[in-house]
Amino acid sequence: MKNFNRTIALYGVAFLAIPSVFAADKVKATSSIVEVPFTQVHVSDHFWAPRIEVNRTVSIPSAFRECEKSGRFDNFALAAKNNGNLPECTVTEHQGDFSFDDTDPYKVIEGASYSLSVHYDRRLDQYLDSVISLIAKAQEPDGYLTTCVTNKCYRLSGWWGRSKWERINSHELYNSGHLIESAVAHFRATGKRSFLDVAIKNADLVCKTFGPNEGQIHRPGGHPIIEMALCKLYKVTGDKKYLEGAKYFVEETGRCTDGHHPSEYSQDHKPILQQDEIVGHAVRAGYLFSGVADVAALTGDTAYQNALQRIWQNMSSKKLFITGGIGSRPQGEGFGPNYELNSHTAYCETCAAIANVYWNYRMFLYTGESKYMDVVERALYNNVMSGVSLSGNRFFYDNPLESSGEHERQRWFGCACCPGNVTRFVASVPGYVYAQTTSSPNHQTTSPAIYVNLYVQGTAKIGKVELEQETDYPWDGKVKIKIKKGGGKFALKLRLPSWLKTSPTNNNLYAYIDKAKTYSISVNGQALYPENHDYITITRSWKKGDEVVLDLPMDVRRIVANDNAEDLRGKVALERGPIVYCLEGNDQKDHTVFNKYILNSAEITSHFDKDLLGGVVVLEGKAKALEQDGEVSDVTFRAIPYSTWNNRGQQEMEVWVASSPLAARPIPLETIASRARTFSNRGPIQNDAPETAPTDGWAGGVNDQWEPRRSSDNSKPYHYWWLKRGTKESISYKFDRPYEVSNVMVYWLDLDHYDGDFRTPESWTLYYKNDAGEWREVEQHSPYTVNKDCYNSVDFRPVTTQELKIVAQLRQGQSGGVLEWKVNYGRPQ
């Protein structure tokens, strides 16, 4: 913290082997399957154990440091000062650009709490005490806690308005949700009530303020998470009003009781029981449906479970990326139409992948079906872990499946939801490995069972039984499971992964083009031949020393997509075990990937490289390269795990690789436009004068030489004027030197979107910068057309210039954009 280093000092790394406290929940689950607490699972493998340790020693301290540097803690200090609880505070101004900045410290505290429960660290424990003390001082007497509102930061009134609880997307309830989740984690990990009491006070206010009764606000959360959070608080405290509060927010979704407009973006477009397609903001969707699953499980509401299964079916069969990611569009950070699975422009936000894990794991707990854990595994090993660098201190916000080298992880973001989410999630990964059955009011279970959902080396204490897994998964499919302590009659249920079936997603969205080899399994050396194809179930009286050996053959498999996914036609994805692979420029001799195609008949081999990217299995084989002159050459290729890309600098990358020359792209010849720097205006254009539009905003995509299929083709990068409607907007080129030019060709964007449509402009004008540095319209030009699905070509009297600018008048109430902009007939001067 900038002004309170005497109050909070960033902790140093210190490990003490002291057992932590794990406070038990007062309310048990009503479903028959329950999670095994991650504190009871200790991993010692070569994949997760190092990443969890990097998260503990690098990611969490780094995220706390960024919270201090960015003023996140200063905002709490200022709120404490405004509440009269910290008069010595010298902070005078609220910092940051978002009303939800409070959630960043909450998430990191949650991750740190998980870490404490497994690896006690006295300095971290003391650091959390000091941070929590500061947060408690920032809380208002009635329990309210959103610092930008307490600090009366009207600079951010576009988010929250002028008074408490004024707007549905103020994120006040989102702040409350993350506060509660963090406090519950801290209580469970340490047994301390300091943070839990803050959360209870806030939750009491939320439940008093929102609800169906007269005098309460009738409105859902806006950005869901309050539903999940209140369910967790109910489990910890046993106070049923929190479950009723969560149920209210679920039931109020989409009803618009207070007269506000329905919104797909806010997951508030339709009551949940009426939904059958997943739409809108992807993180909100994952959080909401996780909360709905919690409410359904705790109340036994089958109607909501049926609705969730309908929505899940749409997600998994039409909108799920092969990496386990969800959310195809950067605009609104959400879902596009069915089968919009474009690789280059895929958003696949890190937070959305984490939310997808939350949702699918809850669906598994309720149903016991392995297909949900298949999605969990796919997201875990691919999209989620792509979100953080191997060093643990750089993060992706979005995770595309293709890049021209424009993507790079960042240390932090102005909107920093993803780094904090990574820290809290990675620390909790051991909790997804196992599950167990228990008797419940809704499911009378007579045969106990232990589910082995993920194959991770380590030990687990499950009731009176202690298991040990020995495996080098995900690099090797051989798994040994040994009963170390305890025994008795129960079913051991081992998940048969979908990567050994006909479809990686258990539907027709994706399919393997080859047949998988058969797995083998034995108990104490005796081969078994079970019939179950989802969970391999072995029921017997187990005793200490019993050993199960499961051998899952890990061949390289090629995946093809449903033909409705236009961008993926003629391409294959490579997978080995749960790991999705990609080609990255560094590993190819010509440092490019898009000109490659791999024939389905080409042999692909795999081997472990201990010196590459921390130790990974790489794929190698023969490919073809499409040259600029149309010739084809034989080349070799190397593929690496997708989650490890961009750990060696910015370069080209692709997951879906062409399987024929029709889907490959030769390296395009450079043009003056492809070499140009691109800019977009930041601010309004005054009096039709292009020079009044500041051009310090970078604009990408328009000169990358990817040819559009149509004006709605959003499969490759493009430029759009987000949230600008009916205004004059500009985009400009600055060439590497002056050229004589006499023609431009513009391909306009025309795209439907749930949060505002993009249309061709009403009109546009082309300007050039003369030797005096003045912008002038080109002369003797042909008409400025705004046709869809084609290039709009404009000839004009030749000019010599180093800069061109398009000024577009957007249609009333509509936004717009440019897919590609060519400049022809140029020669250097």
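Conventions and cut-offs
Residues numbered from 1 in each chain as written. Predicted model: local features only at pLDDT ≥ 70, side-chain atom pairs only at ≥ 80, totals over all residues. Heavy atoms only, no water. Phe/Tyr/Trp six-rings, centres within 6.5 Å; stacked < 30°, edge-to-face > 60°. Helix = DSSP H or I, 4+ residues; strand = E, 2+ residues; numbered from the N terminus. Buried < 20%, exposed > 50% of the residue type's maximum accessible area, 1.4 Å probe, protein only. Lys NZ or Arg CZ within 6 Å of the ring centre and 35° of its normal. Salt bridge = Lys/Arg side-chain N within 4 Å of Asp/Glu carboxyl O. pLDDT = per-residue confidence, 0-100. Contact = heavy atoms within 4.5 Å. Expected span 1.5 Å × (residues − 1). Patch = residues over 30% accessible without salt bridge, like charges linked within 9 Å, V, L, I, M, F, W, Y side chains within 5 Å. Areas by Shrake-Rupley, 256 points an atom, 1.4 Å probe, with all protein chains shown as cover. Lys, Arg positive; Asp, Glu negative; His and termini not counted. Charge placed at Lys NZ, Arg CZ, Asp CG, Glu CD. Core = buried A, V, L, I, M, F, W, Y, C linked by side-chain atoms within 4.5 Å. Axes fitted to C-alpha atoms, helices over the stretch in contact; angles between N-to-C directions. Parallel < 35°, antiparallel > 145°, perpendicular 65-115°, else oblique. Left-handed = near helix turned anticlockwise from the far one by under 90°. Nonpolar A, V, L, I, M, F, W, Y, C, P; charged D, E, K, R; others polar. Pairing = 2+ DSSP bridges.

**Looking at the packing of aromatic side chains**
- Taken as a whole and assessed by the stated rule, the structure comprises 49 aromatic pairs.
- Note on Tyr455 and Tyr473: the rings are 5.6 Å apart at their centroids and 65° apart in plane angle, and the pair reads as edge-to-face. Of this pair, Tyr455 sits in the loop between β5 (449-452) and β6 (458-462) while Tyr473 sits in the loop between β7 (465-471) and β8 (478-485), and the two are 18 residues apart along the sequence. The same class applies to Tyr455 as to Tyr473, namely buried.
- Positioned above the aromatic ring of Tyr154, the side-chain terminus of Arg162 is 3.8 Å from the ring centre.
- One residue, Arg665, lies across the ring of Trp706, its end atom 3.7 Å from the ring centre.

**Observations concerning the pattern of salt bridges**
- Summed over all chains, the structure comprises 53 salt bridges.
- Salt-bridge contacts for Lys164 lead to Glu140; the nearest nitrogen and oxygen are separated by 2.6 Å. Taken together, the positions of Lys164 in the loop between α6 (157-160) and α7 (172-190) and Glu140 in the loop between α4 (122-138) and α5 (147-150) put the pair 24 residues apart, joining distant regions of the chain.
- What makes Glu140 buried here is its relative accessible area of 13%.
- A salt bridge links Glu181 to Arg424, with the shortest nitrogen-to-oxygen separation between them at 2.9 Å. In this pair, Glu181 sits in helix α7 while Arg424 sits in helix α15 (residues 417-426), placing the two residues 243 residues apart along the sequence. The burial state of Glu181 is the same as that of Arg424; both residues are buried.
- One salt-bridge network, in which partners are shared between bridges, spans Glu566, Asp567, Arg709, Arg710 and Asp713.

**Topic: the confidence of the model for the protein chain**
- In the predicted model, the protein chain carries a mean pLDDT of 93, and the fraction of residues at 70 or more is 93%.
- This model gives residues 1-21 a pLDDT under 50, and the stretch forms 65 contacts once residues within four places in sequence are excluded.
- In the predicted structure, residues 441-445 sits below a pLDDT of 50 and forms twelve contacts with residues beyond four places in sequence or in another chain.

**Overview of helix α3 (residues 103-118)**
- Between the first and last C-alpha of α3 there are 23 Å, a value that for 16 residues agrees with the 22 Å anticipated at 1.5 Å per step.
- A large share of α3 lies buried, amounting to 15 of its 16 residues.

**Some remarks on a positive patch on the surface**
- There is a patch of like positive charges on the surface, built from Lys461, Lys482, Lys484, Lys485 and Lys544.
- Sort the elements by how many residues they give to the positive patch and β8 lands first, with three residues.
- Topologically, Lys461 is positioned in strand β6.
- Of the residues examined, Lys461 reaches a relative accessible area of 49% and is grouped as partly exposed.

**Notes on the nonpolar core**
- Membership of the largest hydrophobic core comes to 217 residues, with the highest contact counts inside it found for Phe64, Phe364, Tyr434, Leu492, Val655 and Trp656.
- Of all hydrophobic cores here, the second largest spans 29 residues; its members include Trp721, Val741, Val778 and Ala808.

**Notes on the environment of Tyr397**
- Checked against the element boundaries, Tyr397 lands in the loop between α14 (370-386) and β3 (402-404).
- Along the primary structure Tyr397 and Cys351 are separated by 46 residues, whereas in three dimensions their C-alpha atoms are 7.8 Å apart.
- Beyond its immediate chain neighbours, meaning those up to four positions away, Tyr397 contacts Glu333, Tyr347, Cys348, Glu349, Thr350, Phe413, Cys415, Cys417 and Cys418.

**Structural notes on the packing of helix α2 (residues 72-82) against α3**
- Where α2 meets α3, the closest approach of the two axes is 8 Å, and the angle between their N-to-C directions is 110°. Judged on the interaxial angle alone, α3 and α2 are roughly perpendicular. Viewed along their axes, α2 and α3 form a crossing whose handedness is left-handed. Along its contact with α2, which presents Arg72, Phe73 and Phe76, the element α3 presents Asp104, Pro105 and Tyr106.
- Here the residues of the contact of α2 with α3 are counted per class, giving four nonpolar, no polar and two charged.

**Looking at helix α11 (residues 282-299)**
- Compared with an ideal rise of 1.5 Å per residue, which puts 18 residues at 26 Å, α11 spans 26 Å between its outermost C-alpha atoms and is within 8% of the ideal.
- Burial analysis of α11 places 17 of its 18 residues in the buried class, which makes it a mostly covered element.
- Positive backbone phi, approximately 75°, marks Gly300, located one or two places after α11.

**Observations regarding the sheet that holds β5**
- On the basis of which strands lie adjacent, the open sheet formed by five strands has the order β1-β4-β5-β9-β13 and mixed pairing. Two strands lie at the open edges of the sheet, namely β1 (33-35) and β13 (535-542), each paired on one side alone. Strand-to-strand twist in this sheet, taken as the mean axis angle between neighbours without regard to direction, amounts to 25°.
- Pairing of β5 with strand β9 (residues 488-495) involves four bridges; the strand directions are parallel. Directly across from Tyr451, in β9, lies its bridge partner Lys493.
- Relative to β1, helix α13 (residues 350-367) is tilted by about 140°, and along the sheet it contacts β1, β4 (434-437), β5 and β13.
- Contacting β9 and β13, α14 runs over the sheet at an angle of about 55° to β9.

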